[in-house]
Amino acid sequence: MLIKPGSALLAPMAGYTDAALRCLCVEQGAALTYTEMVSAMGLRYGSEKTKSLISFAENEKRLGVQLFAARPDALTDSIRRIQDAYGGRIAVFDINMGCPAPKITGGGQGCALMTDMPRAARLIEAAVKVSHLPVTVKFRKGWDDASINAVEFARMAEQSGAAAVTVHGRTRAQFYSGRSDLSIIKQVKQAVSIPVIGNGDIFRAEDAANMLNVTGCDAVMVARGALGNPFIFREISHLLRTGEALPPATFEEKTRALLRQARLACAEKGEALAMRQMRKHAVWYLKGLRGAARLREAAVRLSTLKDLEALLEAAAEAANL
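Residues numbered from 1 in each chain as written. Predicted model: local features only at pLDDT ≥ 70, side-chain atom pairs only at ≥ 80, totals over all residues. Heavy atoms only, no water.

### Re the layout of surface pockets
Right, so step 1: Each pocket or cavity is described by its volume, and for the second largest pocket that value is around 400 Å³.
Right, so step 2: Looking at the lining of the second largest pocket residue by residue, the class counts come to nine nonpolar, three polar and six charged. (1 Å grid on protein atoms, 1.4 Å probe; cavity = no way out; pocket = protein on both sides within 12 Å on 5 of 7 lines; lining within 4 Å. Points joined across faces, edges and corners; volume = space filled by probe spheres on them. Nonpolar A, V, L, I, M, F, W, Y, C, P; charged D, E, K, R; others polar.)

The following block contains the structure:
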């Protein structure tokens with residue numbers, strides 16, 4: 001089964017969902033995890049940086065690969081390359097048709113495809129034709145309030161062979177501001193027969209339960225809510241299973257998770273690169289702690305694991321004041 005009903009998935013997030021973060025999320029109950037957004041053209045031209053995005057956490061049995069492309073030939077070529085290289089370790093190919101970043105949409109990729117449904121259909125059909133695995137599509141409510149077309153886009157994706165769709169309840173014009181629109185996710189669910197995954201504004205277990213209840217979607221996808229808080233997956237699972245809310249992760253749990261994530265990242269990428277990338281993760285983990293502003297200032301200068309250990313000692317002292 002591609003998607004277990006009522007499950008919580010970790011969203012593909014560029015610059016965030018590396019193997020270290022995914023490892024912690026799997027431990028906490030994420031039903032499926034995805035790579036960062038991978039450029040089909042980058043794979044075609046042999047970019048080592050692009051290829052490095054397809055890495056596996058030690059505990060990942062199923063990994064989704066999210067690809068972005070403007071051309072069917074680049075997309076199919078990347079799917080063939082990944083299938084040849086990784087065999088049965090990939091669970092699904094997801095096509096990004098929702099990224100709002102100008103550098104992506106400017107190339108006719110990501111959410112720009114919502115403004116060109118025939119081209120989006122050709123991409124999906126081409127991917128389905130060559131893939132040995134399910135192909136899914138992630139998109140938004142629409143480009144802007146004047147062009148809300150998620151329902152029509154979902155029908156097109158289903159007709160083109162997509163095995164499931166993920167709907168982010170914001171338009172491209174909103175980026176990540178405002179609120180995710182649950183009503184559009186509900187409309188998509190009612191319009192198609194394939195599984196629908198809801199995405200947007202899941203920061204607590206209660207948010208996931210509410211999205212499932214209001215929209216009738218089959219599963220939820222957690223994005224920013226998992227940053228600095230991989231424990232959200234155990235909280236969602238527990239609430240849906242028992243109807244009871246777990247207490248949030250303790251300070252000690254968060255600091256242990258941050259340090260472990262950093263060590264995993266260093267083992268994979270080397271300390272210099274890993275610690276530069278861990279700066280933004282540390283800011284998320286430290287959010288809401290006593291003295292967080294001062295701690296964040298130190299977090300954005302992290303260079304070594306020893307720097308992080310010293311920061312966490314300072315955080316512990318601040319928490320005990």
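### With respect to the packing of helix 11 (residues 251-269) against helix 14 (residues 305-319)
Right, so step 1: Axis separation between helix 11 and helix 14 bottoms out at 11 Å; the angle between their running directions is 175°. Put simply, helix 11 runs roughly antiparallel to helix 14. For the pair formed by helix 11 and helix 14, the contact residues are F251, T255, L258, L259, A262, R263 and C266 on the first element and L305, L308, E309, L312, A315, A316 and A319 on the second.
Right, so step 2: Taken together, the residues of the contact of helix 11 with helix 14 break down into eleven nonpolar, one polar and two charged. (Axes fitted to C-alpha atoms, helices over the stretch in contact; angles between N-to-C directions. Helix = DSSP H or I, 4+ residues; strand = E, 2+ residues; numbered from the N terminus. Parallel < 35°, antiparallel > 145°, perpendicular 65-115°, else oblique. Contact = heavy atoms within 4.5 Å.)

### Some thoughts on the pattern of salt bridges
Right, so step 1: Under the counting rule described, the total for this entry stands at 18 salt bridges.
Right, so step 2: Salt-bridge contacts for E48 lead to K51; the nearest nitrogen and oxygen are separated by 2.9 Å. Residue E48 and its partner K51 are both found in helix 3 (residues 48-51); the two are separated by three residues, about one turn of the helix.
Right, so step 3: With a closest N to O distance of 3.4 Å, R263 and E309 form a salt bridge. Taken as a pair, R263 in helix 11 and E309 in helix 14 lie far apart in primary sequence, 46 residues in all.
Right, so step 4: Ionic contacts of the salt-bridge type, sharing partners, join the residues R44, R71, D73, D77 and R81 into one network. (Salt bridge = Lys/Arg side-chain N within 4 Å of Asp/Glu carboxyl O.)

### Some details on the environment of G107
Right, so step 1: You can see G107 is positioned in the loop between helix 5 (102-105) and helix 6 (117-130).
Right, so step 2: Taking the C-alpha atoms as reference points, G107 and A69, separated by 38 residues in sequence, lie 8.8 Å from one another.

### Focus: unusual backbone geometry
If a residue is not glycine, its phi is most likely negative; likewise, a peptide bond is most likely trans.
Right, so step 1: Even without being a glycine, F175 presents a positive backbone phi close to 55°.
Right, so step 2: Within the secondary structure, F175 sits in the loop between strand 7 (164-171) and helix 8 (182-191).
Right, so step 3: For F175, a relative accessible area of 29% corresponds to the partly exposed category.
Right, so step 4: The phi torsion at D201 lies on the positive side, around 65°, for a residue other than glycine. (Buried < 20%, exposed > 50% of the residue type's maximum accessible area, 1.4 Å probe, protein only.)

### Some words on the packing of aromatic side chains
By convention here, two paired aromatic rings are described through the distance between centres and the angle between planes.
Right, so step 1: Considering all chains together, one arrives at two aromatic pairs under this definition.
Right, so step 2: With a centroid separation of 5.5 Å and an interplanar angle of 55°, the aromatic rings of F56 and Y86 are classed as tilted. Of this pair, F56 sits in the loop between helix 3 and strand 4 (63-68) while Y86 is found in helix 4 (residues 72-86), placing the two residues 30 residues apart along the sequence.
Right, so step 3: For Y86, a relative accessible area of 25% puts it in the partly exposed group.
Right, so step 4: The positively charged end of R140 is found above the aromatic ring belonging to Y176, 5.0 Å away from the centroid.
Right, so step 5: Seen from the ring of Y16, K280 lies directly overhead, with NZ or CZ sitting 5.3 Å from the centre. (Phe/Tyr/Trp six-rings, centres within 6.5 Å; stacked < 30°, edge-to-face > 60°. Lys NZ or Arg CZ within 6 Å of the ring centre and 35° of its normal.)

### Things to note about helix 11
Right, so step 1: Taking 1.5 Å as the rise per residue, helix 11 with 19 residues should run 27 Å; its terminal C-alpha atoms sit 27 Å apart, in good agreement.
Right, so step 2: If you check which residues of helix 11 are buried, you get F251, K254, T255, A257, L258, L259, Q261, A262, A265 and C266.
Right, so step 3: Buried residues belonging to helix 11 abut helix 1 (19-27), helix 12 (271-286) and helix 14.
Right, so step 4: Immediately downstream of helix 11, the backbone of G270 shows phi near 95°, a positive value. (Expected span 1.5 Å × (residues − 1).)

### Some points on the environment of K103
Right, so step 1: Mapped onto the elements of the fold, K103 is located in helix 5.
Right, so step 2: The spatial distance from the C-alpha of K103 to the C-alpha of I194 is 31 Å, given a sequence separation of 91 residues.

### Some thoughts on helix 12
Right, so step 1: The largest bend in helix 12 comes to about 35°, at R279.
Right, so step 2: Every buried residue of helix 12 is accounted for by A274, M275, M278, H281, A282, Y285 and L286.
Right, so step 3: The secondary structure elements touched by the buried residues of helix 12 are helix 1, helix 11, helix 13 (292-299) and helix 14.
Right, so step 4: G288 sits one or two positions beyond helix 12 and adopts a positive phi of about 90°. (Bend = angle between axes of the 7 residues up to and from the residue.)

### Some remarks on the nonpolar core
Right, so step 1: Core analysis: the biggest nonpolar cluster contains 78 residues, and L67, M97, F139, V188 and F233 have the highest contact counts within it.
Right, so step 2: Counting 28 residues, the second-largest nonpolar core is a separate cluster that includes A57, L295, L302 and L305. (Core = buried A, V, L, I, M, F, W, Y, C linked by side-chain atoms within 4.5 Å.)

### Considering the side chain of T215
Right, so step 1: Here T215 lies in helix 9 (residues 205-215).
Right, so step 2: Residue class for T215 comes out buried when judged on its relative accessible area of 4%.
Right, so step 3: Within polar-contact distance, the side chain of T215 engages the backbone oxygen of M211 at 2.6 Å.
Right, so step 4: Polar side-chain contacts of T215 include one of 3.0 Å to the backbone nitrogen of C217.
Right, so step 5: Once residues lying within four places of it in the same chain are set aside, the contact partners of T215 are L182, I185, K186 and K189. (Polar contact = N/O pair within 3.5 Å; in protein donor to acceptor, adjacent residues only side chain to side chain.)

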